[in-house]
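Observations on the three-dimensional arrangement
Residue-level listing of the chains:
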Amino acid sequence: MNDLASTFERNTLWLVGVALAFAVAMILAVVVERIAVAGHEARLRRMTAHYAPLVRLGLAGDAGARAALMRIRSWHRITIARLILLPLVTDRDPARIADARGLVTALSLVPFADRLLRSPWWWRRAMALRALGGMQAVDHTGAIVAALDDPNDDVRNTALDALADMQDPVSLPAIVVRLHDASLHRARRGAVLAAFGSQCESFLLDLAAVDTEHRLNYALALGICGTAAARPILCEWSGDARAPVRAAAMDALSRIGVDRASLPFVIAALEDGDAAVRAMAAAALHGHADRDTAATLARHLDDTWAVAVRAARSLQTMETAGRAELEARAAGAGLPALLARQMLWDGKASR
Amino acid sequence: MSVTTALAAFTVVVTAYFVAYNLSQFVMAGVAGRFLWRYQRRRNPRNLALVARLAAPPFVSIVAPAHNEALTIVDSVRALLALEYETREIVVVNDGSKDDTLAIMTREFALVEAPVAFEQPLKSAPLRGAYRSLVEPALIVIDKVNGGSKSDAVNAGINAASGRLVLVIDADTMLEPDALSRAAMPFLEHPDTVAVGGYVAIANGCRIEHNRVTAVAMPRSWFARFQIVEYMRSFLLFRLACASRNGVALISGAFGLFLRDALIDVGGYDGTAIGEDMDLTLRLQAYYRERNRPIRIAHVPLPVCWTQAPEDWQSMRSQRCRWRRGLLQVLWRQRRMIGNPRYGIIGMGVLPYIAIFEGLGPLIELLGYIVTTIAFFLGLLDWQHWRVMLAASILFGAATTLVSVFLSDLSTRKYLRPGDLALLVTSAILENAGYRQLNTWWGCVGTVQAMTGKGGWGTMKRKAF
């Protein structure tokens, strides 16, 4: 035991050396990092101050500014590209995008992005994709679609963002077939469908007709970009054996809007055994001002809470018929009555 | 066994414990550094814009409990209303305040008593009324009888929340303007996400305007300075390392974004838990893992909010003793998870680590000091060994804290003045010579309190910003 203790003793001296070296190394790392980052930021500020006015003039079509920008050193290109492209994240004005694309092309930055696309480092590939998508470089749609199969999941998701920004209809089939790709973030899949809107619908309907396994995903997608053309198939899906599919179909109908032909399906879904389906059906009836629908819906104020809330919200939108049902309920006691009173109060407050 | 042999054996055990702890810290630093590096690479304006590009961003209910917050409530609510996230509502729970909290809110936000219907799946003290604002439609105020704990108030707020996601904060939490967008991202990216925590930074010394941190600076108090580096170490090493392996065991009570359904499933916050935030996080982990349901609890490694740290001795002592009691209570309650492969990384990695290094840590350290003192009086102490161990302990402690300072500076760049950075580095070194030992002592006091059932919640002296 004493031998072991003396071994430990010897090793603790070694430990002190390691600890001291590490502590000193970390202090140096903090100092060096701070100096390096401060230097980099100062350089960025200088470059931004120097180039921002030129970029503004260049985007406005000033030939002199463009000529000046074309003479810049190659290692300043990323800063210039950032100045041109970063505002496009929030400003999606087509004219602004076209100006940016024109300037980037004139400055020969596109071949630079091409090189980055082939980089072994994933973040560089992602940066190139964001740039190409942001400026809608439609001649690169193929390369961006190919990036959907990149080995890195961040690059694949960035490619999806880039296609959403690009809005090139050529990429739609590639996007729609990846609707079930779980390696792509669900929200990004939704965002790209939202970006294209109703342009996706026909592809979705064609695929849905032959692919019953993924019906849930198609129903969710139609909830984002569906139009009146999707109503018949959504009504058909309200009879699907899978409750999540029925609920998603009702949710999609709620977003698209219910017409006279689809109304009976929605009313029938109000009696579904699954609460989520009933809730979505109740939500789908918003704005239907006829007395019978309002009366049917009012019965669901006593349903499961999720259904009752949606029924109440729909009744609130049903003008006189809905208000009459809510007023009749509001006089009572309990949670449904309180819910009815809340809807009446909300209605008054919003007016 | 002679006393010398026993002492040698004890030395071996303590040294092995010390080496294992420091080794684990460096491994965590590596894992956390890699996680942070990847997070930083992914952090760009286009990613943050995703929420705005969605057809229907997730609706978030912000639950803010308020008990005697008359001085700060208006600024707090205004700051919440100004968050850069459109689809949200704010549920303020007036938890039986004895001051003018409700009256001030009524005056400032034109509150009127209004019907607000909601189910009450979570238990809480009786409600007295519900109020809506005529000028801020997103604001709901629930007035209730004081339930004796923050948990009770938060449960009432969760009941009233209509969002799919619920953000639970402390009354004094100051959120970063983009905190919600950042915290919502994991929910958008991974469908298995049930909760998201974030890096809670210390606001002492910072300039605060209307409940927003507008300029970051180091405080004058050394207590607060030590806590800043302590929080950096906690949030940027251990929690990031856990998050990178999907093993988050604690979402701070100051900032936690949850799936409302998940909160309802586990019965919300437990009013009897001293460490209610860790208790809830572990119950979420247990609930999902016991049912073989996928669960992901994410952690945002950048400051999402700011909070005030205690600066006086008494507040510090009561806070640390309470944290200690909370930790031991949670470990005892969730003891079935420790070393149980059914709970994955939580059962086999995170909880055993917490039990060994956080649960036993203060006791082993104190035992070390006691044994050293006894050995000194018995003339059995090898001073050379003792000095070397002490030096190694302080240097390793400083080195690991400096790693977190480095990671913090690299990723957040909050303390921009060179003087502040120098103070951070100095605090990281000095923290190990005195402050850490003080925490060890309070940890032991907290352990005794936990075993004897003594010790209350305590009060924290707040300073006006």
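Residues numbered from 1 in each chain as written. Chains lettered and ligands numbered in written order. Predicted model: local features only at pLDDT ≥ 70, side-chain atom pairs only at ≥ 80, totals over all residues.

1. Quick word on the overall build of chain B
Within chain B, the secondary structure is distributed over 15 helices and twelve strands. Its C-alpha atoms give chain B a radius of gyration of 23 Å, within 12% of the compact-globule value 23 Å for 465 residues. Oriented by its inertia axes, the alpha-carbon framework of chain B measures out at about 75 × 45 × 45 Å. A total of 465 residues make up chain B; the buried ones form 50% of that total. Taking as baseline every contact in chain B between residues at least 6 positions apart, the subset at least 24 positions apart corresponds to 79%. (Helix = DSSP H or I, 4+ residues; strand = E, 2+ residues; numbered from the N terminus. Rg over C-alpha atoms; globule rule 2.2 N^0.38 Å. Buried ≥ 20, exposed ≤ 12 C-beta atoms within 10 Å, placed from the backbone. Contact = placed C-beta atoms within 7 Å.)

2. Considerations on the overall build of chain A
Scanning chain A from N- to C-terminus turns up 20 helices and zero strands. For 351 residues, the compact-globule estimate of 2.2 N^0.38 gives 20 Å, and the C-alpha radius of gyration of chain A, at 30 Å, exceeds that figure by more than 25%. Counting only C-alpha atoms, chain A reaches 80 × 80 × 45 Å along its principal axes. In chain A, buried positions account for 41% of the 351 residues. In chain A, the proportion of contacts linking residues at least 24 apart, taken out of those at least 6 apart, comes to 64%.

3. Points about the pairing of strand β6 (residues 165-169) of chain B
Residues and elements named next belong to chain B. Across the five residues that make up β6, a large majority, five, are buried. A two-sided burial pattern is seen for β6, the buried positions comprising Leu-165, Leu-167 and Ile-169 on one face and Val-166 and Val-168 on the other. In this structure, strand β1 (residues 60-66) lies alongside β6, joined through four bridges in parallel fashion. Residue Ser-61 lies in a different strand from β6, and its bridge partner there is Val-166. In terms of strand pairing, β6 meets strand β11 (residues 255-259) through five bridges, oriented antiparallel. Looking at the pairing, Ile-169 lines up with Phe-255 of β11. (Pairing = 2+ DSSP bridges.)

4. Notes on the interface of chain B and chain A
At the interface, 42 residues of chain B touch 45 residues of chain A. For the side of chain B that touches chain A, the secondary-structure elements that each account for two or more residues are α1 (3-42), α2 (45-48), α3 (50-53), α7 (179-189), α14 (383-411) and α15 (418-452) of chain B. The element contributing the most residues to the side of chain B that touches chain A is α14(B), with 15 residues. When grouped by side-chain class, the residues that make up the side of chain B that touches chain A number 30 nonpolar, five polar and seven charged. (Nonpolar A, V, L, I, M, F, W, Y, C, P; charged D, E, K, R; others polar.)

5. Notes on the sheet that holds strand β5 (residues 139-144) of chain B
Residues and elements named next belong to chain B. Judged by pairing direction, the sheet is mixed, and its ten strands sit side by side in the order β3-β4-β5-β2-β1-β6-β11-β8-β12-β7 without closing on themselves. Each edge of the sheet is formed by a strand with only one pairing partner; in this case those strands are β3 (111-113) and β7 (174-175). In this fold helix α10 (residues 276-290) packs onto β8 (193-202), β11 and β12 (296-307), with an angle of close to 155° to the strand it touches most, β8. (Axes fitted to C-alpha atoms, helices over the stretch in contact; angles between N-to-C directions.)

6. Observations concerning the pairing of β8(B)
Residues and elements named next belong to chain B. Counted residue by residue, β8 has ten buried out of ten residues, so it is predominantly covered. With three bridges connecting them, β8 and β11 associate as antiparallel partners. If you follow Val-196 over to β11, its bridge partner there is Leu-257.

7. Here's the deal with helix α11 (residues 313-333) of chain B
Residues and elements named next belong to chain B. Across its 21 residues, α11 extends 30 Å between first and last C-alpha, which sits within 8% of the 30 Å expected from 1.5 Å per residue. All buried positions along α11 are accounted for by Met-316, Arg-320, Cys-321, Arg-322, Arg-324, Arg-325, Leu-327, Leu-328 and Val-330. Against the buried residues of α11 lie α8 (222-244), α10, α12 (344-359) and α15. (Expected span 1.5 Å × (residues − 1).)

8. Re unusual backbone geometry
The phi torsion of most residues other than glycine is negative, and most of the peptide bonds are trans. Residues and elements named next belong to chain B. Unusually for a residue other than glycine, His-210 sits at a positive phi of about 50°. Examined against the element boundaries, His-210 turns out to sit in the loop between β9 (207-209) and β10 (212-215). Judged by C-beta crowding, with 13 C-beta atoms within 10 Å, His-210 ranks as partly exposed. Not every positive phi belongs to a glycine, and Asn-211 is a case in point at roughly 60°. Owing to 22 C-beta atoms within 10 Å, Asn-211 belongs among the buried residues under this scheme.

9. Section: the environment of Ser408(B)
Assignment of secondary structure puts Ser408(B) in helix α14. Between the alpha carbons of Ser408(B) and Arg207(B) there is a distance of 20 Å; along the sequence they are 201 residues apart.

10. A few points about the confidence of the model for chain B
Confidence in the prediction for chain B averages 90 pLDDT; 97% of positions are at 70 or higher. As a predicted assembly, this complex carries a pTM of 0.90 together with an ipTM value of 0.86. (pLDDT = per-residue confidence, 0-100.)

11. What about α10(B)?
Look at α10(B): 21 Å from first C-alpha to last across 15 residues, which is about the 21 Å you get at 1.5 Å a residue. Across the 15 residues that make up α10(B), a large majority, twelve, are buried.

12. Regarding the packing of helix α12 (residues 215-225) of chain A against helix α14 (residues 243-256) of chain A
Residues and elements named next belong to chain A. Where α12 meets α14, the axes come as close as 8 Å, and the angle between the chain directions of the two elements is 15°. Considered as vectors, α12 and α14 are oriented roughly parallel to each other. The two elements α12 and α14 meet at a crossing, and its hand is left-handed. On α14, the residues that touch Arg-215, Leu-216, Ala-219, Leu-220, Leu-222 and Gly-223 of α12 are Pro-244, Val-245, Ala-248, Ala-249, Asp-251, Ala-252 and Arg-255. When grouped by side-chain class, the residues that make up the contact of α12 with α14 number nine nonpolar, one polar and three charged. (Parallel < 35°, antiparallel > 145°, perpendicular 65-115°, else oblique. Left-handed = near helix turned anticlockwise from the far one by under 90°.)

13. With respect to the environment of Leu111(B)
Residue and element names in this part refer to chain B. Examined against the element boundaries, Leu-111 turns out to sit in strand β3. Taking the C-alpha atoms as reference, Leu-111 lies 9.0 Å from Glu-136; in sequence the two are 25 residues apart. Residues within four places of Leu-111 in sequence aside, it is in contact with Met-105, Thr-106, Tyr-131, Arg-132, Ser-133 and Val-141.

14. Concerning the environment of Leu204(A)
Residues and elements named next belong to chain A. In this fold, Leu-204 is placed in helix α11 (residues 201-210). Judged by C-beta crowding, with 23 C-beta atoms within 10 Å, Leu-204 ranks as buried. Residues Leu-204 and Asn-217, 13 residues apart in the sequence, show an inter-C-alpha distance of 9.7 Å. When residues no more than four places from it in sequence are discounted, the contact partners of Leu-204 are Val-176, Tyr-218, Ala-221 and Leu-222.

15. Quick notes on the packing of α11(B) against α15(B)
Residues and elements named next belong to chain B. Two elements in contact, α11 and α15, have axes separated by 8 Å at closest approach and are oriented at 55°. Relative to α15, the element α11 lies oblique. Judged by the sense of rotation from one axis to the other, the crossing of α11 with α15 is right-handed. Contacts from Arg-317, Arg-320, Cys-321, Arg-324, Arg-325, Leu-328 and Gln-329 in α11 reach Asn-439, Trp-442, Gly-443, Val-445, Gly-446, Thr-447, Gln-449 and Ala-450 in α15. Looking at side-chain class alone, the contact of α11 with α15 contains five nonpolar, six polar and four charged residues.

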